[in-house]
Structures are given as C-alpha cells and as structure tokens.
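As a plain string of letters, each chain reads:
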Amino acid sequence: RALPMERLSPDAGTLALMLPTTPLHRLLHTPLAGDPTPPFDLLVMTSGNRGGEPICITNAEARERLADIADAFLAHDREINLRNDDSLCALQGGDGTPQLWRRARGCAPSPVRLHRPLKACVLAMGAELKNTLALGYEDEVVLSPHVGDLETPEANDSFERVARCLPEFLSRRPEIIAVDLHPDMHSTRVGRRLARERGLPVVAVQHHHAHAASVMAEHGLDEALALVFDGTGLGPDGRIWGAELLAVDPAGYQRLATFAPAPLPGGDAAVREPVRQLVGRLERGGVAADVAWLAARGAAPETVEVWRAQCRRRLNAPESHAAGRLFDTFAALLGVAPRRTTYEGQTAIRLEGVAARHLAAGGRGGEAIPWRVREDDGRLIVDWTPAFAEFANVAGLPTRAGSLALAFHRAVADSAIAMVEYAAERTGARPVVLSGGVFMNRILTAWVREGLAARGMRTLIHRDVPPNDGGVALGQAVVGGAQSWEQQMADGG
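Small disclaimer: the values here were computed from a predicted structure and weren't measured.

Draft legend 1. Local environment of the layout of surface pockets. Roughly 630 Å³ of internal volume is contained in the second largest pocket. Sort the elements by how many residues they give to the lining of the second largest pocket and helix H6 (residues 207-219) lands first, with 4 residues. Of the residues in the lining of the second largest pocket, the class split is 18 nonpolar, 5 polar and 4 charged.

Draft legend 2. Highlighting the packing of aromatic side chains. One pass over the structure, following the stated rule, counts 8 aromatic pairs. Measuring from ring centre to ring centre gives 5.7 Å for Phe259 and Trp384, while their planes differ by 70°; the resulting arrangement is edge-to-face. You can see Phe259 sitting in strand S11 (residues 252-259) and its partner Trp384 sitting in the loop between strand S15 (380-383) and helix H13 (385-391), a full 125 residues away along the chain. Accessibility expressed as a relative area gives 1% for Phe259, which makes it buried.

Draft legend 3. Molecular detail of the packing of helix H4 (residues 153-169) against helix H5 (residues 186-198). Between H4 and H5, whose axes approach to 11 Å, the crossing angle comes to 40°. Compared by their axis directions, H4 and H5 come out oblique. Where H4 crosses over H5, the handedness of that crossing is right-handed. When H4 is examined against H5, the residues Asn156, Phe159, Glu160 and Ala163 are found in contact with a partner set consisting of His186, Ser187, Val190, Arg193 and Leu194. Across the contact of H4 with H5, the residue classes tally to 4 nonpolar, 3 polar and 2 charged.

Draft legend 4. Region of interest: the pairing of strand S5 (residues 134-137). Alternating residues of S5 divide into Ala134 and Gly136 and Leu135 and Tyr137, and every residue in both groups is buried. Relative to S5, strand S4 (residues 122-124) is paired through 3 bridges, and the arrangement is antiparallel. Looking across to S5, one finds that Ala124 is bridged to Ala134. Sheet analysis places S5 next to strand S6 (residues 140-143), joined by 4 bridges and oriented antiparallel.

Draft legend 5. Expanded view of helix H12 (residues 346-360). Here H12 is 15 residues long and its end C-alpha atoms lie 21 Å apart, about the 21 Å a rise of 1.5 Å per residue gives. The complete set of buried residues in H12 reads Gln346, Thr347, Leu351, Glu352, Gly353, Val354 and Ala355. Looking at the packing, one finds that the buried side of H12 touches helix H8 (274-284), helix H11 (323-334), helix H14 (401-427) and helix H15 (442-454). At the exit of H12 stands Gly362, carrying a positive phi of roughly 90°.

Draft legend 6. Here's a closer look at the pattern of salt bridges. Inspection of the entire model under this criterion finds 31 salt bridges. Among the ionic pairs, Glu160 bridges to Arg193, the shortest N-O distance being 2.8 Å. Linking Glu160 in helix H4 with Arg193 in helix H5, this pair joins segments that are 33 residues apart in sequence. Between Arg314 and Glu319 there is a salt bridge, with its nearest N and O atoms 3.0 Å apart. Among the charged side chains, a salt-bridge network with shared partners connects Glu53, Glu61, Arg65 and Arg83.

Draft legend 7. Up close: the nonpolar core. Ranked by size, the top nonpolar core spans 68 residues in total, and within it Leu227 and Phe229 carry the most contacts. At 16 residues, the largest contribution of residues to this core is made by H14.

Draft legend 8. H11, seen in detail. Here H11 is 12 residues long and its end C-alpha atoms lie 17 Å apart, about the 16 Å a rise of 1.5 Å per residue gives. Among the 12 residues of H11, 12 are classified as buried, and the element is accordingly described as predominantly covered. Of the residues making up H11, those classed as buried are Ala323, Gly324, Arg325, Leu326, Phe327, Asp328, Thr329, Phe330, Ala331, Ala332, Leu333 and Leu334. Just downstream of H11, Gly335 is the residue with a positive phi angle, here 80°.

Draft legend 9. Looking closely at the packing of H11 against H12. Viewed as axis vectors pointing N to C, H11 and H12 meet at an angle of 60°, and their least axial separation amounts to 8 Å. In terms of their interaxial angle, H11 and H12 are classed as oblique. Of the two possible hands of crossing, H11 and H12 adopt the one that is left-handed. Seen from H11, the contacting residues are Phe327, Asp328, Phe330, Ala331 and Leu334; seen from H12, they are Thr347, Ala348 and Leu351. Along the lines of polarity and charge, the residues of the contact of H11 with H12 split into 6 nonpolar, 1 polar and 1 charged.

Conventions adopted
- Residues numbered from 1 in each chain as written.
- Predicted model: local features only at pLDDT ≥ 70, side-chain atom pairs only at ≥ 80, totals over all residues.
- Heavy atoms only, no water.
- 1 Å grid on protein atoms, 1.4 Å probe; cavity = no way out; pocket = protein on both sides within 12 Å on 5 of 7 lines; lining within 4 Å.
- Points joined across faces, edges and corners; volume = space filled by probe spheres on them.
- Helix = DSSP H or I, 4+ residues; strand = E, 2+ residues; numbered from the N terminus.
- Nonpolar A, V, L, I, M, F, W, Y, C, P; charged D, E, K, R; others polar.
- Phe/Tyr/Trp six-rings, centres within 6.5 Å; stacked < 30°, edge-to-face > 60°.
- Buried < 20%, exposed > 50% of the residue type's maximum accessible area, 1.4 Å probe, protein only.
- Axes fitted to C-alpha atoms, helices over the stretch in contact; angles between N-to-C directions.
- Parallel < 35°, antiparallel > 145°, perpendicular 65-115°, else oblique.
- Left-handed = near helix turned anticlockwise from the far one by under 90°.
- Contact = heavy atoms within 4.5 Å.
- Pairing = 2+ DSSP bridges.
- Expected span 1.5 Å × (residues − 1).
- Salt bridge = Lys/Arg side-chain N within 4 Å of Asp/Glu carboxyl O.
- Core = buried A, V, L, I, M, F, W, Y, C linked by side-chain atoms within 4.5 Å.

Put into structure tokens, the structure is as follows:
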C-alpha cells in the first residue's frame with residue numbers, strides 16, 4: 001500500500017532514493033525456494049543510528065543502542081574500523097548542478113585539489129553541526145567522512161577518533177590546527193587541547209569566512225564576493241552572524257552587508273520554538289501583536305509577556321543577524337512552523353516545502369513582501385521589520401501560506417542581489433559565490449543565480465563539498481594554511 005507523501009516527507013515534500021550498494025540488498029528482496037518468510041514489500045534500511053548520533057560501528061553496539069527501534073539487524077562478520085555514513089546529493093541551483101549535501105561514502109576521503117599550495121600542514125577541526133574534519137597539505141585538502149552533530153558522547157568520541165586517525169591514515173604530521181572562532185564549540189575546545197599537547201599554533205577562523213573560503217577553494221578563486229547565509233556563526237564583534245556579504249581576498253575578508261539583527265528570547269530555545277523568534281522580532285520592531293493571534297501560533301499569553309520582557313531588558317535574548325532565523329520567523333508568522341522543532345533546519349525546510357508545492361501547482365508569489373535598507377558605517381543593512389509589520393494580526397494567513405511563502409523567497413533573493421550590487425560598487429567586479437546551509441534552499445539559490453546572471457555577474461555554488469557546515473573544515477584548512485608554521489608561531493597563534 002502506497003504511503004501518502006505527508007507521512008513520508010511531511011516538511012520538504014520531496015523524497016530521496018538510495019540505490020543498493022551491495023548485491024545483498026537485492027537478494028533480500030528475492031525469497032529462496034522453500035523460505036517460510038514471505039517476500040518483502042518494503043524494507044526501510046538505515047545506516048544504523050538514532051537521530052543526532054553517529055552510526056553504530058560494531059554488531060554489539062548496534063544491538064545495544066538500537067534494540068528498541070529496529071525490527072531486525074543485518075549483521076556481517078567483517079569488522080568496521082572507521083565510520084563512513086551515506087552520502088547525500090541534490091540537484092541544485094536552477095540548472096540541475098549536482099551538489100553534495102553530505103560528503104561521505106563514495107566521496108570521502110578523496111581530496112579537494114587546490115589551485116595554490118598551502119604553506120603548512122593544517123588539521124582543521126570543522127564546526128559543531130554536520131561536522132567533518134580536514135587535513136590540508138601541499139595542494140590538496142582531505143575531508144573526513146561526515147561525523148555529524150557534536151551533541152552526544154558517542155558523536156564526540158567518534159570526532160576525536162577521526163582527529164587522531166586522519167593524519168595517521170595520510171602519514172602526515174599537522175603543523176597548525178585550525179578551529180572555529182566560537183570558543184565553546186566542542187570542535188574548538190578539542191582543537192585547542194590538541195594544539196597544547198603537541199605544541200602547535202592555533203588559527204581561529206571566523207565561521208562565514210571559512211564557508212566562503214571553502215566554495216572559493218572548489219573553484220580555484222583568490223578573491224570573490226561571498227554571500228553566506230546560514231543559521232548561526234560567531235562574528236569577531238561577539239554577535240551572531242548569518243546573513244553576510246563578505247568581500248574575500250588572500251588578505252582576509254571585509255563585511256559589506258548583512259541583515260538587521262533580531263533578538264532570540266531564550267537563546268537556543270528560540271530556535272527550537274520558532275514563535276519565540278516571532279515575538280522577539282515584533283517586539284524589536286515596535287509592532288504590537290494581538291495576544292489571541294500569537295496564541296494561534298502556539299504562544300501562551302503568560303509566556304509572551306516573559307519573552308517580551310526578555311527582549312526589552314536584553315536578558316538571555318542574544319541578537320542574531322542570521323538568514324536561517326528569518327526563515328524561522330516568517331514560517332511562524334504564516335502559522336506553518338512546528339510548535340517545537342525535532343531536527344535542525346526543520347522550520348526553514350517546511351517553509352521551502354510550502355513554497356515549492358505552491359510553485360509546482362502553478363501558483364505564483366504575487367504579493368510583495370516589503371523590506372528596506374539603510375547604510376551604517378559603510379555597510380548595507382537589510383531590515384525586515386516592514387514585512388512583519390505588514391502581516392502582524394492579519395487573519396487567515398495559513399490559507400495564503402503558499403503564495404506568501406513563495407513571495408518571501410522572492411524578497412530574500414532580491415535582498416541578496418541588492419547586497420551583492422552594493423558590494424560590487426565598492427570592490428569592482430568579482431565572481432560571486434554562495435555558501436551556508438540556507439543556500440541548500442533550491443528556490444532561493446535558483447532565483448539568486450538568475451538575478452545575478454541577468455546583471456552580468458558570474459555566480460558559483462558548491463559542487464563536491466556541502467554548502468552547510470559539512471564544508472567548513474575545508475575553508476578552515478585553506479585559511480589556516482595561508483601562512484607558514486613559522487609565521488603562525490611568530491604571530492602568537
């Protein structure tokens with residue numbers, strides 16, 4: 001019996017297919033003569049892990065960790081030495097460019113070739129989510145297979161094992177360790193500890209600079225204008241970045257445009273409960289929202305007042321520039337966001353799914369989503385307050401969700417193009433690169449590329465390395481290897 005799409009893929013509305021990787025998969029569907037087991041109609045075969053945990057590496061580990069969720073186990077008598085998860089690939093960018101979203105089996109650890117050799121051997125520790133590590137030396141960077149989110153003891157153990165084994169596997173001795181600028185990431189803490197133990201310098205690479213450097217490395221670029229849209233990343237000013245236009249060259253980067261910040265009442269809790277972000281953005285914009293209207297989106301009146309007070313008093317309400325948070329907030333506005341997310345990026349994926357289904361049905365985003373810009377100290381600031389002022393307290397938004405979600409994508413694409421045009425006026429013509437998890441959104445990526453092409457601008461996207469945090473280690477290795485070991489020691493790294 002066919003399962004409806006809303007049960008198989010309720011948020012994205014798309015399905016991924018995995019081809020059999022061994023003849024055994026086919027044999028399982030072919031019953032033997034006299035076999036009392038009836039033929040299978042459907043087999044759901046996973047890589048053997050709970051959400052947020054790494055795959056099990058031994059038969060005993062699988063039976064212990066998965067006993068209450070797996071109906072059966074397909075075991076083997078060959079031991080696995082290192083984890084290598086399934087790779088994920090999507091057709092992206094409007095022209096069907098294949099783009100890896102998870103770089104693992106079949107793709108890792110094959111190297112990324114560089115157009116310019118590194119000056120030192122660099123062990124790059126990657127990010128906190130969708131972690132991969134990388135070892136860069138000479139004219140190549142070897143990315144590890146996908147490790148995953150560093151949120152469980154099992155994931156952290158796997159991460160440290162890869163950090164130990166990758167240099168040994170390649171018979172290389174790191175001279176520099178590159179980490180994310182955020183000091184509290186597990187990957188950063190482990191990297192700094194390894195550096196202390198081995199007497200090596202540390203290079204702290206800003207998160208969005210690493211994203212930009214990763215896609216530039218793929219395309220052999222020394223300079224570019226980089227649009228980096230994602231959910232979070234620490235800036236050198238101590239704020240949460242995530243909607244950045246960076247002018248990047250061998251000397252570093254310059255931040256030329258971003259989104260206006262909005263508070264996150266409750267910090268990480270606001271990511272898990274998107275309606276908090278809606279309350280925070282309305283409060284920051286001075287937009288009065290009806291309590292009943294907010295309650296229909298999952299915000300109880302008593303908690304709304306607490307969240308508003310947090311924003312007014314700046315108590316546990318950090319400010320975020322991130323494009324990913326804007327997608328969360330607009331989904332909450334339309335009433336299509338989950339009350340509580342169950343996986344990273346779920347709200348933005350759901351909003352894209354709503355827009356994609358409307359587009360596939362022949363609908364259009366005919367309504368205009370307002371936004372405005374201002375210039376602040378040589379930097380373009382995109383302010384989304386008008387969008388939320390326009391639709392706050394409006395009844396019936398869920399019935400218009402498809403049209404408005406599509407119009408929102410158009411507005412974000414237009415704002416991104418405005419950011420590029422502003423930067424190009426100040427730097428001159430440069431290639432434009434797109435990176436960050438938000439640019440896994442196929443509607444947004446296609447429209448940004450189409451808009452920039454219409455203006456005569458060359459736009460490049462990731463192909464062999466994920467645009468999400470799975471590609472950060474490549475950028476860290478490139479930035480970290482730009483200086484020699486001796487220079488890093490002299491700089492006090």
